Amino acid sequence: MNTRVRFAPSPTGSLHLGSVRTAIFNYLFSKQTNGSLILRIEDTDKGRSTSHSQEEILSSLKWLGIQWNEGPYLQSERIEIYQNYANILLSEGKAYKCFSSQEEINRIKEQAKKEKKIYKYPRIWRDRKDHPQNKDFVIRFKTPDNKIIDFKDTLRGKIEIESNNLDDFIIIKSDGFPTYNFASAIDDIEMKITNVIRGEDHLSNTPKQILIYNSLNAKIPDFTHVSMILGKDKTKLSKRHGAESIDNFKSMGFLPVSIINYLARLGWSFGDQEIFSLNEMEANFSLDNLNKSPAIFDLEKFTWVNSNQIKKADTNYLKELINFKFIEGIDIDLAILSAKEKSKDLIQLKEVLSFCETKELNIDDKSIESINDCDKKILEKFLNSFMDYNFKNMDEIEDFFKNFLLNNNLKMKNLAFPLRLILTGSKNSPGIYQILKILSKELISYRVKRFL
Ligand code: GLU
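Everything in this summary refers to the structure shown in the same document. (Residues numbered from 1 in each chain as written. Predicted model: local features only at pLDDT ≥ 70, side-chain atom pairs only at ≥ 80, totals over all residues. Heavy atoms only, no water.)

### A few points about the pairing of strand 3 (residues 70-74)
Moving residue by residue along a regular strand, the side chains alternate between the two faces of the sheet.
Point 1. Examined bridge by bridge, strand 2 (residues 36-41) and strand 3 share three bridges and lie parallel to one another. Pairing of Arg-40 across the sheet is with Tyr-73, part of strand 3.
Point 2. On the question of chirality, the crossover connecting strand 2 to the parallel strand 3 by way of helix 2 (residues 51-64) is right-handed. (Pairing = 2+ DSSP bridges. Helix = DSSP H or I, 4+ residues; strand = E, 2+ residues; numbered from the N terminus. Right-handed = clockwise from strand over helix to strand, strands pointing away.)

Have a look at this one:
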C-alpha cells in the first residue's frame, strides 16, 4: 500500500522551525516511500486562526519547495463531516451530550485544585436522558473504564496508557466545531493516513485519538513523534536563540535547500554527512534514523550549512534568486562563481558583487587617501601594459600579473591592494586575477584612470 502522510499546521501564527521540520520529515518520507503528502489546515480554533497566518504558511511551504500532493484541506470547511461522525458515536452510545455549563465546570475545576486533585470531568451527563431543551451542549466521548490503550511509536516503542487516566473529553464544542483531537483523528481516518509524523508535544493526544479510531473500527496509523528542537540552553526554542520565522531566514539570505538540509539533519542522521542536496535527502531519508533525544538549534551551524549550500548552488539559480542588476562589461558567470566562494548568505553574495552594479564606485575618502603617488605610478604602468595584452583566460592574467611584479621588483600587496580597492571599492571582493577577468578592459581602464 502506498504511504499517505499529512502536514497539519494550525494557522495561529507564522511557521516556527519545529513545524517546518515536521513538514520536512513528512515531505521527505513521502518522497522516499513514493507516497503522498496531504496538506491540512487545522483551523477549528476560531479565536486563534487567521487567514493571514494561513497564507503565510502556504507561501513559506511553497518558497521552501515542499510540494504537497493533496490539499490544502481546510477543517473549517469540513465541519459537517465531523458532526456526522459525532452523530454516529452518539447513536451508538459511544458519545454523549453534556449540558454542564462553563460556570459549573469552572467550579468543579476550582474544587479539584483546592483538594490538590487532577481535574477530570465527573461524567455528570454520561448516562442521563433528561436532556434540557434550548440549552447549549458539548459532545463528549465516553472513555471506557479499565482499558489499556497501547500503540507503537517508531522511535519510542510500545506506549501504554490506562484509560482511567483520561476523562470524557470533548469532541464537539458548543459552537458545533470539533476539538483538535476529534477533527485530527477523523481526518486521518477519512484521508487514509498511513503514517502520522508529528512533534513529541502531541504524544499526550495520541491515546485519545486511538480511542476515536477504535470506536469507529478504523485502522490505526503508524506513529512517529519527533523530538523537540531546543535552544543551546536546553529551553524551548524562541527568537532569543536566533530562531526566526522562515520569512526572516529568507530575508537573511538563506537558501530554501539550506533550511531543509539543516532542519532535516537536526534529529536525522545519515552517516557523518552534513551537506545534502534535496535529491540526496529524498533518496536517503528514513524514520529509523531519527534521533529521539531533543535536537539543539545552533545558528552558527545553520549559517555554515547555508554557506556550503551557496558554494554548491548552480550559478544560474543564484543569478535568478538575487535578481541583481549587472552593468555592461561584466563576466556575470565568473562574478557569481567567485562571489559565492566568499559568501555565507545571499546578502553577502550581493555585497561581494556590488562592484558589478554601478560604473562609479563609492570609495570612502580614507581609502582613497591611502593610495599614494608611488602607487599611482605603479598603477599607471600596470594599466598601460595590461591594456596591450589579449588574455584568453585567467591563467594568462595570473602569469602576466606575476611577471609584472617580478619585472618591477614589487610585492603582491604593492599592486594587488590598491588595484583591488579602486576596481571594487571593497576588501571583501574576489581575488585580483578573478577581478581582472570579471571586469571588461574598458571598465578596468575607466576605474584605474579615475585615480591617476
Ligand atoms: N495542528 C497541529 C499543530 O499545528 C498538528 C497536529 C497533528 O499533526 O496531529 O501542532
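Having put the structure on the table, let's press on.
### Description of the packing of aromatic side chains
Point 1. Per the counting criterion, the structure on display carries 27 aromatic pairs.
Point 2. Between Phe-254 and Phe-302, the aromatic rings sit 4.5 Å apart at their centres with planes inclined by 50°, giving tilted as the arrangement. Placement of Phe-254 in the loop between helix 7 (246-251) and helix 8 (256-265) and of Phe-302 in helix 10 (residues 299-312) is noted, with a sequence separation of 48 residues between them. In this pair, the class of Phe-254 matches that of Phe-302, namely buried.
Point 3. Geometrically, the ring pair formed by Phe-382 and Phe-404 is edge-to-face, given 5.3 Å between the ring centres and 85° between the ring planes. (Phe/Tyr/Trp six-rings, centres within 6.5 Å; stacked < 30°, edge-to-face > 60°. Buried < 20%, exposed > 50% of the residue type's maximum accessible area, 1.4 Å probe, protein only.)

### Describing the pattern of salt bridges
Two side chains of opposite charge can pair, provided their charged atoms sit close to one another.
Point 1. Taken as a whole, this structure holds 28 salt bridges when the rule is applied.
Point 2. Between Glu-200 and Arg-156 there is a salt bridge, with its nearest N and O atoms 3.2 Å apart. On the criterion of sequence distance, the pair formed by Glu-200 in the loop between strand 9 (195-199) and helix 6 (206-215) and Arg-156 in the loop between strand 6 (148-153) and strand 7 (157-162) is long-range, its members being 44 residues apart.
Point 3. Classification of Glu-200 as partly exposed rests on a relative accessible area of 25%.
Point 4. Lys-301 is paired through a salt bridge with Glu-274; the nearest N and O atoms lie 3.2 Å apart. Taken together, the positions of Lys-301 in helix 10 and Glu-274 in the loop between helix 8 and helix 9 (278-284) put the pair 27 residues apart, joining distant regions of the chain.
Point 5. One salt-bridge network, held together by shared partners, links Arg-6, Arg-40, Glu-42, Arg-78, Asp-187 and Asp-188. (Salt bridge = Lys/Arg side-chain N within 4 Å of Asp/Glu carboxyl O.)

### Some words on helix 11 (residues 315-322)
Point 1. Residues of helix 11 that are buried include every one of Thr-315, Leu-318 and Ile-322, and no others. Taken around the axis of helix 11, the buried residues stretch over an arc of 60°, which confines them to a single face.
Point 2. Lining the buried residues of helix 11 we find helix 10, helix 12 (332-340) and helix 13 (346-352).
Point 3. Measuring from the side-chain oxygen of the N-cap residue of helix 11 to the backbone nitrogen of Asn-316 gives 3.2 Å; that N-cap residue is Asp-314.
Point 4. Following helix 11 by one or two positions, Asn-323 has its phi on the positive side, about 50°. (Arc of directions from axis to C-beta. Contact = heavy atoms within 4.5 Å. Polar contact = N/O pair within 3.5 Å; in protein donor to acceptor, adjacent residues only side chain to side chain.)

### Comments concerning the nonpolar core
Point 1. One finds Leu-353, Phe-401, Leu-419 and Leu-436 to be the most contacted residues of the largest nonpolar core, which totals 97 residues.
Point 2. If you tally residues by element for this core, the top one is helix 1 (residues 17-32), at eight residues.
Point 3. Sequence-distant contacts of Leu-419, defined by excluding residues within four places in its chain, comprise Leu-379, Phe-382, Phe-401, Ile-432, Leu-436 and Val-448.
Point 4. Residues Ile-159, Leu-166, Ile-186 and Ala-218 belong to the second largest nonpolar core, which totals 32 residues. (Core = buried A, V, L, I, M, F, W, Y, C linked by side-chain atoms within 4.5 Å.)

### Brief notes about the layout of surface pockets
Point 1. Estimated volume of the largest pocket: approximately 1200 Å³.
Point 2. Lining the largest pocket are 48 residues, with Ser-10, His-16, Ser-19, Asp-201 and His-202 positioned closest to its centre.
Point 3. Of all the secondary-structure elements, those providing two or more residues to the lining of the largest pocket are strand 1 (4-7), helix 1, helix 5 (180-190), strand 9 and strand 11 (229-230).
Point 4. For the lining of the largest pocket, the residue count by class is 17 nonpolar, 19 polar and twelve charged. (1 Å grid on protein atoms, 1.4 Å probe; cavity = no way out; pocket = protein on both sides within 12 Å on 5 of 7 lines; lining within 4 Å. Points joined across faces, edges and corners; volume = space filled by probe spheres on them. Nonpolar A, V, L, I, M, F, W, Y, C, P; charged D, E, K, R; others polar.)

### Some points on the sheet that holds strand 4 (residues 95-98)
Point 1. Within the open sheet, the three strands sit side by side as 4-5-8. Their pairing is antiparallel. Because the sheet does not close on itself, it has two edges, and the strands there are strand 4 and strand 8 (170-172). Sheet twist, expressed as the average angle between the axes of neighbouring strands with direction ignored, equals 45°.
Point 2. The pairing of strand 5 (residues 138-141) with strand 8 spans two bridges and is classified as antiparallel. Looking at the pairing, Ile-139 lines up with Ile-172 of strand 8. (Axes fitted to C-alpha atoms, helices over the stretch in contact; angles between N-to-C directions.)

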